[in-house]
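Reading the structure
Listed here are the chains, written in short residue letters.
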Amino acid sequence: MNIFPAVDIKDGKCVRLRQGVEDQVTVFSDDPVAMARQWVEAGTRWLHVIDLDGAFSGTPRNMELIRELCSAVSIPVQLGGGIRSVEIAGKYLEAGVTRLIIGTVALEDPELFSELCQTYPGRIGVSLDARDGRLKTKGWVEDADKTVADVVPELEAAGAAFFIYTDISRDGMQSGVNIPALEALLAMTDKPVLIAGGISTLEDVQAVHPLREKGLAGVITGKAIYAGSLDLKAALDWLAAQN
């Protein structure tokens, strides 16, 4: 199981949103590349990068910055936000991104999602972002009128390589993980699953760690490591000691 530090980019800065709301933003750094380096120095093995401008607008807004970030670190990067064509996906992979996270397209355009998975096998994952059990799209602002259970079988069949589950109500709130929802997803799929939303302390990491045996591949954390309630290096050291 890995810990994925989140580097969320908005207007060229490293930020965190509260429950995904576009104007509920806290800027943690004017230099996302420097923040990425800081997490690498702490020992992380993956980075989770989101182009928030792309997520809200539907088109890439930080391509060159993300290219610079990928060039500046020696570990793999997974990226989401505004990836809504095969061409854009290809440009990000050429820029150095290891794998891509698809949200809106996966839920609203099954033919395009299948094409993405076939064109870049093993490199396309799905972000399942839910509030009160209902999936959201377009930067979490529109209701997809579907649940996780509705979509996982067809996404697997199309070629999804991994899933990320976010409980939107807990994102940026440091309120703990929605473990029942996570367990339900793990029971539906044999693909690797990452959890986001609610990881605020080492105790939260420890609480989900037993689920690695059911397919939990990692946790994504943002506000906690920026605000200091989770010491990333200490958490990574704890994980290493469990292996």
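Every residue gets a number counted from 1 within its own chain, in the order that chain's sequence is written. Owing to the predicted nature of the model, reporting of local features is limited to residues with pLDDT of at least 70; listing and counting of side-chain atom pairs is limited to 80 or more, with chain, interface and lining totals taken over all residues. The side-chain quantities take in all heavy atoms of the structure and omit both hydrogens and water.

It is worth spelling out the overall build of the protein at this point. Every helix listed is a DSSP run of H or I at least four residues long, and every strand listed is a run of E at least two residues long, numbered separately from the N terminus. On a plain count of helices and strands, the protein comes out with 11 helices and 12 strands. Burial here depends on accessible area, computed with a 1.4 Å probe over protein chains only, as a share of the maximum for the residue type. Under 20% is buried, over 50% is exposed, and the range in between is partly exposed. Within the protein, buried positions represent 54% of all 243 residues. Restricting to contacts in the protein with at least 6 residues of sequence separation, those with at least 24 account for 68%. To be clear on the numbers: accessible area is Shrake-Rupley with a 1.4 Å probe, and residue cover counts the displayed protein chains and nothing else. Summed over all atoms, the accessible surface of the protein reaches about 10,000 Å², with 45% contributed by carbon and sulfur. All tallies of charge rest on Lys and Arg as positive and Asp and Glu as negative; His and the ends of each chain are not included. Where a charge lies is defined by one atom per residue type: Lys uses NZ, Arg uses CZ, Asp uses CG and Glu uses CD. The protein carries 23 positive and 34 negative side-chain charges, and their two centres are separated by 2 Å. Whether two residues are in contact is decided by their heavy atoms: any pair within 4.5 Å suffices.

Attention shifts here to the side chain of Arg99. With respect to the helices, strands and loops of the structure, Arg99 is situated in strand β6 (residues 99–102). Ignoring sequence-local partners within four residues, the contact set of Arg99 consists of Phe4, Trp46, Val77, Gln78, Leu79, Leu93, Arg123, Phe162 and Leu194.

Next up on the list: the UniProt feature "active site" (unreviewed entry) in the protein. The positions UniProt marks with the feature "active site" (unreviewed entry) are Asp8 and Asp129. By secondary structure assignment, the location of Asp8 is in strand β1 (residues 2–10). With respect to the helices and strands, the residue Asp129 is situated in strand β7 (residues 124–131). Assessed through its relative accessible area of 7%, Asp129 is described here as buried. Of the polar contacts made by the side chain of Asp129, one reaches the side chain of Ser127; its length is 2.7 Å. UniProt positions are given in the numbering used here, feature names are shortened, and annotations may be inferred rather than shown by experiment. Here a polar contact is recorded for every N or O atom pair within 3.5 Å, except that within protein the pair must consist of a potential hydrogen donor and a potential acceptor, and residues adjacent in sequence are included only if both atoms are side-chain atoms.

Summarising burial for β1: 9 of the 9 residues are buried, a large majority. Every second residue of β1 is oriented toward a common face, with Asn2, Phe4, Ala6, Asp8 and Lys10 on one face and Ile3, Pro5, Val7 and Ile9 on the other, all of them buried. Only strands joined by at least two bridges in the DSSP assignment are considered to pair. Direction of pairing for β1 relative to strand β12 (residues 216–221): parallel, over a ladder of 4 bridges. Within β12, the position partnered with Ile3 by the bridge is Val219. Here 4 bridges tie β1 to strand β4 (residues 47–51), and the two strands are oriented parallel to one another. For Ile9, the partnering residue across the bridge sits in β4 and is Asp51.

The next point concerns the environment of Lys233. With respect to the secondary-structure elements, Lys233 resides in helix α11 (residues 232–242). Distance in space between the C-alpha atoms of Lys233 and Phe113 is 36 Å, their sequence separation being 120 residues.

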